[in-house]
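Structural overview
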Amino acid sequence: MSRLTVVLMFVFLGCLIVAGCTTSSDEPAVKPEPEPLDEETAAAARTRGVVYRDRDEAAEATPQVVLSEMTYEWRTSPDRGVHVTLNFTNPADAYERARGYVFLIAETTRSGSLVQGVYPWNTRMDGNLPEDYTDGTHLLYRESQQVRAFLPYPRSDGHFETLKLYVFHENGKLLTNRTYELDFTGAPGEKRTVNPGFDL
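Attention in this report is confined to the structure presented alongside it.

About the cut-offs
- The residue count restarts for each chain, going from 1 along the sequence in the order it is written.
- Only residues with pLDDT of at least 70 get local features here, since the model is predicted, and only at 80 or more are side-chain atom pairs given and counted; chain-wide, interface and lining totals rely on the full set of residues.
- Excluding hydrogens and water, the side-chain figures rest on all heavy atoms present in the structure.
- Two aromatic rings from Phe, Tyr or Trp, using only the six-membered ring of Trp, form a pair when their centres are within 6.5 Å; if the ring planes differ by under 30 degrees the pair is stacked, by over 60 it is edge-to-face, and anything between is tilted.
- Only runs of H or I of at least four residues qualify as helices and only runs of E of at least two qualify as strands under DSSP, and these elements are numbered from the N terminus.
- Think of it in three bands: with a 1.4 Å probe and only protein chains considered, a residue is buried below 20% of the maximum accessible area for its type, exposed above 50%, and partly exposed in between.
- We call two residues in contact when some of their heavy atoms are within 4.5 Å.
- Counted as salt bridges are all cases of a side-chain nitrogen of Lys or Arg within 4 Å of a carboxyl oxygen of Asp or Glu.

With that settled, the discussion passes to the packing of aromatic side chains. Per the stated rule, a full pass over the model turns up eight aromatic pairs. Summarising the aromatic geometry, the rings of tryptophan 74 and phenylalanine 160 are spaced 6.2 Å apart at their centres and angled 85° between planes, so their arrangement reads as edge-to-face. Of this pair, tryptophan 74 sits in strand S1 (residues 66-75) while phenylalanine 160 is found in the loop between strand S8 (144-152) and strand S9 (162-168), placing the two residues 86 residues apart along the sequence. This pair shows no difference in class: tryptophan 74 is buried, exactly as phenylalanine 160 is. Taken together through their ring pairs, the aromatic side chains of Tyr72, Trp74, Tyr153, Phe160 and Phe184 make up a single cluster.

Right under this line is the structure:
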């Protein structure tokens, strides 16, 4: 072997040793940031059943309690009173759930005095509002929730004339206290459906 070859081999080995000493296994591996999907790629992903969601927009979306439909029916059997079905929806594309508490109060003053039915039945009133908002039926849903209620009529004749809907947020804030005219004549089986569609 020539002297030049031996020198070159030592230089090459020296470079390998220096390179090995400067590389540390403790250094974190740097991963390249994934490129965001362009609109065309995102559309193609959706057609394959892959959900693509902008996390920032979804995180900022606020869940909404929307009363999409309310149906009420006057019944005389097996008990006398009004049966109410409330359909709540949440149109917001949010990670958080829509939440709140629901109360219903049916009333009439046709006989000259106030006749009242309350749902839930254990609700105690403080004037026009429930004493404790957490006594209401709890709303907790991502897409939809149905609430069914029966408000008994305590007398043998007559019927309720109005229905009040109270919805509270979980923090106690009153979101709505709407009053609906029931339009009953007192005949059994009278039924009405309204589509408020409002954001509470």
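There's plenty left to go through after this.
Looking at the secondary structure, you find threonine 162 in strand S9. As a C-alpha pair, threonine 162 and aspartate 183 span 21 residues in sequence and 8.2 Å in three-dimensional space. Not counting chain neighbours up to four residues away, the residues in contact with threonine 162 comprise Ile105, Ala106, Glu107, Thr179, Tyr180, Glu181 and Leu182.

A few words now on the side chain of threonine 85. Here threonine 85 lies in strand S2 (residues 81-89). Assessed through its relative accessible area of 12%, threonine 85 is described here as buried. Discounting chain neighbours no more than four positions away, the residues touching threonine 85 are Glu69, Met70, Thr71, Gln146, Val147 and Arg148.

Turning next to the pattern of salt bridges. Under the definition given, this model contains five salt bridges. Of the charged contacts, one joins glutamate 73 and arginine 75 as a salt bridge, the two residues approaching to 3.5 Å between their closest N and O atoms. The exposure class of arginine 75 is partly exposed, given its relative accessible area of 30%. For arginine 99, the salt bridge identified is with glutamate 170, shortest N-O distance 3.3 Å. Here the residue arginine 99 occupies a position in strand S3 (residues 98-108), and glutamate 170 occupies one in the loop between S9 and strand S10 (174-181), the gap between them amounting to 71 residues.

Considering the arrangement of structural elements, one finds arginine 80 in the loop between S1 and S2. Distance from arginine 80 to proline 188, taken between C-alpha atoms, is 9.0 Å for residues 108 residues apart in sequence. Discounting residues that sit within four places of it in the chain, arginine 80 has contacts with Trp74, Arg75, Phe150, Pro152, Tyr153, Arg155, Ser156, Asp157 and Gly158.

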